[in-house]
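# Fold and geometry: a report
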Amino acid sequence: MLRLFRGSLIVTSQLGFISAAQVPCSATVSVKRLLTGVILCSQFLCQNTRVTMATATHSKALTSPYPNSKQERLKLKPEQVSWLTKWEEYNPPDFTADKVLAGPVWADPDDKKNAEQYKKIKWNKLDGKVNRQTYEKCKTYEVSKIDGRPSNPIGRTGLKGRGELGKWGPNHAADPIVTRWKRDAKGTIEQGKSGKKVLQFIAIQRKDNQEWAIPGGMVDAGEKVSVALKREFGEEAMNTLEATPQEKKKIKKAVDALFKVGHEVYRGYVDDPRNTDNSWMETIAVNFHDVEGASVGKFKLNAGDDAAGVKWMDISSEIKLYASHQHFIEEVTKRHEAHW
C-alpha cells in the first residue's frame, strides 16, 4: 500500500514502512518506476504547498502596537514580509511580555535568562510532551544559526521575541466550530439572499479585545487535540468552570454526543496579532454540526473563562472575526453548501 507519511511517500506492508531507498535490488523495475513516479508526485504536491505558504503574507500579525502593550512593531512594506527578500539591516524590537518572562508552567525557558535549558529544546520534533512540529503539511520551520531562534514560516512581523505567546516556534491551538441551521419560529430553515440555507455558529466575544471569535484555545502539553476541542468549548461557551456538578454532567453528555463526529476544515498557520518573528499561532479547526439543533443547540449558552460574551451568530460574508477565524467559517459554509 502507498501512503504519504510526513510529506514523504512510502510503501507499507504488514512488516512496517519501506521507503523508496529501501526497496531491494531484486524488486521489479516496474515497482521501482512506480515508486519513483509517485514520490515525484508527492514532492510536487509538497512544493506547491511551499509556494502557497511563501506567497501568503501577514496582515493581523503586523498589528501595532502589540496587543495588551505599548510595544510598537517595526513597520514593514508588503514586499518586506517574506524572508526571501534580502534585508541585512533588519533588526526589529525584541519583546516578550512580563507574564511570559515570569516563567509560568505553560512557557518555554527564556533564551537569555535560561540559556542552558533553552539549548535543550528539540525543534521540529515531539519534545517530551511538547509538540514542536508545525501543523503545515510537508514543512519544517528554520532555526537561525545566528541567534538560535526559530523563524516564522510566513515571514517577518516587525517584532522579535515571544510577545504574549509561551512557546518558541509554533503555539498550538484547537478551534471547535459548532454549527446549526437557522430556523424560524415554526422550525423551518431560513434562507439567505443567495437562496441558500443560513448557518449559525457559536461565537464568543474575547475579553482582551472585544472581538468575536471561535471558542478555542491552547492545546496543553501532552493533551490530545480532540480533548482540547471539547475542553475549550465547554469552558468558553458553556462555562463548565462555574457549572454545578449536575449541570456539568448534562453539558458533558451533550458535548460528547455532538463531538463524536467532526470535520477538519483547517490545519496550519494562523495570521494572529500575537505572532512574532520567533513565535506564532497554529491551529486545527474542526466543525461539529448539530443537524437538528437538538444537542448543544438546546442548551443555554453561558460565557466563561476568556469569553466576555457568547451567542449563536448568523454566518455571512459580512461577519468580522478575530485573527483568521473568518476564513475558517467560510470553509464551513462551503462544506455545507450554505449561504455566505
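Quick caveat, the model's predicted, so the values are computed rather than measured.

## Side note on the nonpolar core
Residues I177, V178, F201, I202, F233, F259 and I329 are the most contacted members of the largest nonpolar core, which totals 55 residues. Of all the elements, strand β13 (residues 279–289) adds the most residues to this core, at 6 residues. With near-sequence residues (within four places) excluded, F259 lies in contact with P176, V178, L229, K230, F233 and F288.

## Here's the deal with the packing of aromatic side chains
Enumeration over the complete set of coordinates arrives at 9 aromatic pairs. Three or more aromatic residues joined by ring pairs form one cluster here, namely W83, W87 and Y90. Between R206 and the ring centre of Y322, over which it is positioned, the NZ or CZ distance is 4.0 Å. The ring centre of W212 lies 4.6 Å from the NZ or CZ of K311, which sits over that ring.

## Things to note about the side chain of D175
Inspection of the secondary structure puts D175 in strand β8 (residues 169–181). If near-sequence neighbours (up to four positions away) are discounted, D175 is found in contact with I214, G216, G217, L229, T283, I284, A285, V286, H325 and F328.

## Side note on the confidence of the model for the chain
When the pLDDT values of the chain are averaged, the result is 84; 81% of them are 70 or greater. Confidence over residues 1–28 falls short of pLDDT 50; this stretch has 40 contacts with residues more than four positions distant or in other chains. Considering only residues more than four positions removed or in separate chains, one finds that residues 42–55, a stretch of pLDDT under 50, has 12 contacts.

## So, helix α4 (residues 225–237)
The end-to-end C-alpha distance of α4 is 18 Å, a good match for the 18 Å that 13 residues give at a rise of 1.5 Å each. Listed as buried for α4 are A228, L229, E232, F233, G234, E235, E236 and A237. Packing partners of the buried residues in α4 comprise β8, β9 (199–206), β11 (217–218), α5 (245–258), β13 and β14 (307–314). Just downstream of α4, N239 is the residue with a positive phi angle, here 50 degrees.

## What to know about the pairing of β9
Within β9, 8 of the 8 residues are buried, leaving the element largely enclosed by the surrounding structure. Burial of the side chains of β9 extends over both faces: L199, F201, A203 and Q205 are buried on one face and Q200, I202, I204 and R206 on the other. Two strands pair when backbone bridges link them, and β9 and β14 are joined in this way by 7 bridges, in the antiparallel orientation. When the bridges of β14 are listed, I202 appears paired with W312. With 2 bridges joining them, β9 and strand β10 (residues 212–213) adopt antiparallel strand pairing. Residue Q205 lies in a different strand from β10, and its bridge partner there is W212.

Conventions adopted
- Counting restarts for each chain, with residues numbered from 1 along the sequence as it is written.
- With pLDDT at 70 or above as the cut-off, local features in this predicted model cover only qualifying residues; side-chain atom pairs require 80 or more to be listed or tallied, and sums for whole chains, interfaces and linings still use all residues.
- To get the side-chain values, take all heavy atoms of the structure and skip hydrogens and water.
- Throughout this description, the term nonpolar core refers to a set of buried Ala, Val, Leu, Ile, Met, Phe, Trp, Tyr and Cys residues connected via side-chain atoms within 4.5 Å.
- Each residue gets one of three labels from its accessible area relative to the maximum for its type: buried under 20%, exposed over 50%, partly exposed in between, using a 1.4 Å probe on protein chains only.
- By the criteria applied, helices consist of DSSP H or I runs no shorter than four residues and strands consist of E runs no shorter than two, each listed in order from the N terminus.
- Contacts between residues were defined by any pair of non-hydrogen atoms, one from each residue, lying within 4.5 Å.
- Geometry of aromatic contacts follows a simple scheme: Phe, Tyr and Trp rings, the Trp one being its six-membered ring, pair when their centres are within 6.5 Å, and the pair is stacked under 30 degrees between planes, edge-to-face over 60, tilted otherwise.
- A ring is scored as having a charge over it whenever the NZ atom of a lysine or the CZ atom of an arginine sits within 6 Å of its centre and within 35 degrees of its normal.
- Confidence of the prediction at every residue is given by pLDDT, a number between 0 and 100.
- What a helix should span is 1.5 Å times the count of its residues minus one.
- In this scheme, strands are said to pair when DSSP sees at least two bridges between them.

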